[in-house]
Structures are given as C-alpha cells and as structure tokens.
Amino acid sequence: MLNWAPDELRRHGYAAVDALVEHCARMRDEPIRNIEPLDQLEAAFGQPPPEEGRPFEEVLGETTTRLLPNTMHVNHPRFFGFVPGPSNPTGAIAEMLASGFNVFAGTWMGGGAATVVERALLRWLASEIGLPDQAGGVMVSGGSHANLTALIVARETHPVGRNAEATVYFSDQTHSASERALRVLGFRPEQLRKLPSDSLGRIDLASLQGAIGCDAAPFCVIVNAGTTSTGAVDDLPAIAGLCRERGLWLHADAAFGGAAVLSSRGKLALRGLEECDSVALDPHKWLFQPFDIGCVLLREEHLLADVFRIIPAYMNDVYRLNSEINFCDRGLELTRPFRALKLWMSLQHFGVAAFRAAIERGFQLAELAESRLRRNPAWQILTPAQMGVVTFRWHGDEALQKRLVDGMMASGYALLTSTIVSGRTALRLCPINPRTTDEEMNETIARLESLALQE
Ligand SMILES: *Cc1c(COP(=O)(O)O)cnc(C)c1O
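Predicted model, so just to flag it, every value in this text is computed and none were measured.

Here we take up the overall build of the protein. When helices and strands are counted, the protein shows 17 helices and 11 strands. For a compact globule of 455 residues, the expected C-alpha radius of gyration is about 23 Å, and the protein comes in at 23 Å, within 12% of that figure. Taken over 455 residues, the protein has a buried fraction of 51%. Nonlocal contacts in the protein, meaning residues at least 24 apart in sequence, comprise 75% of its contacts between residues at least 6 apart.

See the structure below:
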C-alpha cells in the first residue's frame, strides 16, 4: 500500500526531474513573482483532499504548471529582496535522496555516516571561522532556530544566565529572531537593552559599554555579523574584548553573513567572529543551499549535550551503541532530517573554491550596484555596499520609495525590498546570487530610474 513499483517510481521520478529542468532553464526569462489572487488559489488548492486518489501525472501536472509557479522564485538571478535563497541544483538532488532514503539523523544508530558527515561539516565551518578545535555544533532548520539554541545554551551554562536580573545587550538592528528567542526563554522586557546603532548599522560601542557598566547582572551580548537591513558587522574585536573583561557570553547572529568567512573579503569583515562563544549561521542563505539548513556553532561543543541530553528508557539501545554523536542530544529535535547531505554533496561536487568565488561575487555585485547608483545624482546612497547589501533612495518622499518597490515587483523583472535606515525608508539590494550578471544589475537600476521618472 502507498507504494509504487520500480518502473512507476522511475517514470514519475523522471517526469518530476523533467519539470524541474524546464523550470530551471526558463526561470531567468520568467517573472520573479506572479501570484494569482488569494481567492483563486483558495478555490484551486484550498479544498480538503479527495477520498479517492487520481493519476499521478495529473497531480504532478497541476503541481508544476500551477501550484509551484504561484510562489516567489527566491533563487531567481534578479531576486534582490530580503535575503535571497540562491540555492544550487546539487543541493536539490541531495534533498530528494535524503528524503527518499528517509534518513533519521537524530542518532548515530539511525544516521551512521550521516552523523559523521554532519559533525565533520560543522567542525569544518567552525575552523573556517577560526574557532578552536573543541568547537562544534548542530544543524537546525534555520537562523531562528539556531539563535534560539545558542541562547538556551548561554542561559543554562553561564553563571548569570538564570539570574532574574540577567541583562542581554543587542542593537536596534538585531534580527527579530533573537528578540523572539529571548521572549520564548522568559526574558522580561526590563532585562533587554536594545541599543542604538551608527549610520552604517553597527552597534554604538559607547552605549554598550555604558549600559553594561550600569547593570547589576550583565549576562550576554548579541552581536550582528551582517545585519539583515544593511549588512553591517558590529565591532567584533572590541566587543569580544569587552565581554572577556566583564565575563559576558558573546553570541553572534551570523545567519546572513557568517558564510562569507569563506571568501577573503568576508574573512576580513568578520574578524573577531572566532572569539564568540556561539555563532548562528544559515547555509540556506549565502552558502547556496535549498531550504532548510541553519546551524549553530558553540566554542565548546560539549555544552550542547550538557544542556540538552536526556536519556529516556526507550532510547537505551541508542546510547549503548554510541554516546557521542547523537545529534538529538544537541538541540530540540529528536527526529531530524539529513540536512547536511545537500551541503556535503554540493561541496564535494563543486569544490570549496567555487563557493569562495560565488560568495566573492556577491560582494562585487553589491559594489557594482553602488557605483552604478552613484552615477546618477538623483540617487542617494544611505549605506554603501557592505557584506553584499547596499541601501539607497531616490530624491523624494517616503511613499515614492515604496512605489518603486511595488512597481518593480509588478513588472516581474526584478525584486527588491525596502527597509528603514536612520529613520528613513530605503531601497535595498542584496545581490548574493552568483548567477546574476553585471548587465542584469545595471538594467535593474536603469528600470528603477525609469519608474521614478514616470512619477
Ligand atoms: C535570516 C536571518 C535570521 C532568521 O533566519 P531563518 O533562517 O529565517 O530562521 C536571523 N538573523 C539574521 C541576521 C538573518 O538574516
């Protein structure tokens, strides 16, 4: 029951791959987002499932011709909004295999080689960052889960973490994922110090120092290693020094920027990341993997198991076999997918050098955008290219900037989003897809200019 004969699996599998190949081949010439109105999609896809099934060809056809096209293509070469998901095809095939084998990566007993691959990749990422040999981590669903996991470990293992007055410091540019994690952990608003940032988006050091000096139980600083809004990197070496001196836990949210340590420019920009106690990373952003894969690294790998390990009776057999690489000991998930396979297969196939070059390309594209914008004085650069992000605005009011976002989205040619920089609405480009061409970047800006001039 619920199965296919081998030749059916082959036929249907090939048909699905054919549909994927077509989508990939056509994507560049298609709109980035062309989604039908909600009521139409509700009528087509919002009904309860049928009691009796129907031919797979029909289901696949509906999926590939209507359902999937009604989603936004975040791996499109002209998707510059939010943080793109410039995934790679090797990763997609790896996902199919990992779920086809239904690998249980929660334990050594279940995962075997999968746990070895995951641990090796985590240690490799830690060493690229420059963390010490005893560092390690766990792969999770994304940056939100990674930040939560790190903050749980911090609270449980730092001497001040459980103090009712324990205070946490971060900037007004810190991603909402950290604030949400702190809320879930039971931190009250009085325990949080949201500090101002400078014009580039970096935390104001004097305010940080002052706030720490005033509090009875300073506990943790969350630094940004690439903010989502402007790509800003907090002054990691100075803050690491401060945390060491005062005995605070230092956590870095490097969900967006962390992977950039693989490139020479990123390595330079992220100097000091190696001094953190914990780091959250998102390989499904700037490490080109399909959703989802996030990861959290701890300076002291063993802290994860110290905090999370509980051995119930029905798991005794698992721990008789091995008590060291059971990833269920390192976080909230027991049953967990083999997320590391896509990263492993794509690194093995393309090689690390190709990833370094692909990341470097993101830096270049943001710089290209900046220099193109500077050629027209009607544009004002709000923050220059940093970590693959540039923010800017057309002379005019707030509403105009938003109309440019909407106009570009409606055109389907490219997609960018807005943010707020120093209190003003800013347009924002995050061109980290290595398949974007120089021409496409220039054309995107030219089209923004014509939209602005039509106003
Ligand atoms: C994307 C992002 C997150 C959240 O990560 P998810 O993978 O979306 O859960 C957290 N912090 C930063 C800086 C991010 O860019």
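Let's pick the thread back up.
Before going further, it helps to spend a moment on the site of the ligand. Around the ligand, the structure places 14 residues, and the nearest of them are Gly143, Ser144, Asp253, Asp282 and Lys285. Here an oxygen atom of the ligand and a side-chain polar atom of lysine 285 are 2.8 Å apart. Bound to the protein, the ligand loses 84% of the 380 Å² it would expose on its own. For the shell around the ligand, the element with the highest residue contribution is helix α7 (residues 143-157), accounting for three residues. Across the shell around the ligand, the residue classes tally to three nonpolar, eight polar and three charged.

Attention now moves to the nonpolar core. Core analysis: the largest hydrophobic core is formed by 90 residues, its most contacted members being Val168, Leu208, Val221, Leu273, Val279, Trp286 and Leu297. Considering each element in turn, this core owes the most residues, eight residues, to helix α6 (residues 113-129). Once residues lying within four places of it in the same chain are set aside, the contact partners of valine 168 are Leu182, Phe187, Gln191, Leu192, Arg193, Phe219, Cys220 and Ile222. Ranked by size, the runner-up nonpolar core spans 23 residues in total, among them Leu365, Val390, Leu404 and Ala452.

Structurally, glutamate 22 is set in helix α1 (residues 6-26). With 212 residues separating them along the chain, glutamate 22 and aspartate 234 place their C-alpha atoms 43 Å apart.

What follows deals with helix α8 (residues 176-184). Within α8 the residues assigned to the buried category are Ala177, Ser178, Ala181 and Leu182. Angular distribution of buried residues about the axis of α8 spans 135°; they occupy a single face of the element. Pointing more than 90 degrees away from the buried face of α8 are the exposed residues Arg180, Arg183 and Val184. Tucked inside the fold, the buried residues of α8 contact α7, β2 (167-171), β3 (192-195), β4 (218-224) and β5 (249-254). A positive phi of about 95° marks glycine 186, the residue just after α8.

The sheet built from seven strands is open, its strands ordered β1-β7-β6-β5-β4-β2-β3 with mixed pairing. Sheet topology places β1 (136-140) and β3 at the edges, where each strand pairs with a single neighbour. Neighbour-to-neighbour, the strand axes of the sheet open up by a mean angle of 15°, direction not taken into account. Two elements, β2 and β3, share four bridges in a ladder whose sense is parallel. Each residue of the ladder has a partner; that of valine 168, found in β3, is leucine 192. Where α7 meets the sheet, it contacts β1, β4, β5, β6 (278-281) and β7 (294-298), and its direction lies at approximately 180° from that of β5.

What follows concerns the packing of α6 against helix α14 (residues 340-350). In the contact formed by α6 and α14, the axes pass within 9 Å of each other and the chain directions differ by 70°. Our classification of the angle between α6 and α14 gives roughly perpendicular. As for the relative orientation of α6 and α14, their crossing is left-handed in sense. Counted together, Val117, Glu118, Leu121 and Trp124 of α6 and Ala340, Leu343, Trp344 and Leu347 of α14 form the full contact between these two elements.

The grouping of Ile93, Met96, Leu97 and Phe101 at the surface amounts to a nonpolar patch, some 400 Å² of accessible area in total. Topologically, methionine 96 is positioned in helix α4 (residues 89-100). Assessed through its relative accessible area of 47%, methionine 96 is described here as partly exposed.

For arginine 54, the position within the fold is in the loop between α2 (38-45) and α3 (56-67). Beyond its immediate sequence surroundings of up to four residues, arginine 54 is in contact with Val59 and Glu62. At a separation of 3.1 Å, a polar atom in the side chain of arginine 54 contacts the side chain of glutamate 58.

Attention now goes to the pattern of salt bridges. Scanning the model with the defined rule gives 34 salt bridges in all. Notably, a salt bridge pairs arginine 265 with glutamate 367, separated by 2.5 Å at the nearest N-O pair. In this pair, arginine 265 sits in helix α11 (residues 264-269) while glutamate 367 sits in helix α15 (residues 352-374), placing the two residues 102 residues apart along the sequence. The exposure class assigned to glutamate 367 is partly exposed, which follows from its relative accessible area of 34%.

When its domains are assigned, the protein resolves into domain 1 (1-30 + 36-70), domain 2 (97-350) and domain 3 (353-453). Placing a centre on the C-alpha atoms of domain 2 and another on those of domain 3 gives a separation of 29 Å. Each side of the interface is counted separately: domain 2 has 29 residues, and domain 3 has 25 residues. Interface area, domain 2 with domain 3, both sides summed: about 2200 Å², of which 63% is carbon and sulfur. Considering only the surface of domain 2 that becomes buried against domain 3, Arg265, Trp286 and Phe288 emerge as the three largest contributors, covering 31% of it. Taken together, domain 2 and domain 3 are joined by three salt bridges.

So, on to the packing of helix α16 (residues 398-411) against helix α17 (residues 438-453). At their nearest, the axes of α16 and α17 sit 10 Å apart, and the two run at 120° to each other. Taken together, the axes of α16 and α17 lie oblique to each other. For the crossing formed where α16 meets α17, the hand is right-handed. In this structure, α16 contributes Leu404, Gly407 and Met408 to the contact, and α17 contributes Thr444, Arg447, Leu448, Leu451 and Ala452. Among the residues making up the contact of α16 with α17, the classes are represented as five nonpolar, two polar and one charged.

Reading the values: rules and limits
Residues numbered from 1 in each chain as written. Predicted model: local features only at pLDDT ≥ 70, side-chain atom pairs only at ≥ 80, totals over all residues. Heavy atoms only, no water. Helix = DSSP H or I, 4+ residues; strand = E, 2+ residues; numbered from the N terminus. Rg over C-alpha atoms; globule rule 2.2 N^0.38 Å. Buried < 20%, exposed > 50% of the residue type's maximum accessible area, 1.4 Å probe, protein only. Contact = heavy atoms within 4.5 Å. Near = heavy atom within 4 Å. Polar contact = N/O pair within 3.5 Å; in protein donor to acceptor, adjacent residues only side chain to side chain. Areas by Shrake-Rupley, 256 points an atom, 1.4 Å probe, with all protein chains shown as cover. Nonpolar A, V, L, I, M, F, W, Y, C, P; charged D, E, K, R; others polar. Core = buried A, V, L, I, M, F, W, Y, C linked by side-chain atoms within 4.5 Å. Arc of directions from axis to C-beta. Pairing = 2+ DSSP bridges. Axes fitted to C-alpha atoms, helices over the stretch in contact; angles between N-to-C directions. Parallel < 35°, antiparallel > 145°, perpendicular 65-115°, else oblique. Left-handed = near helix turned anticlockwise from the far one by under 90°. Patch = residues over 30% accessible without salt bridge, like charges linked within 9 Å, V, L, I, M, F, W, Y side chains within 5 Å. Salt bridge = Lys/Arg side-chain N within 4 Å of Asp/Glu carboxyl O. Domains from an automatic or database assignment. Buried area = accessible area lost by both parts, 1.4 Å probe.

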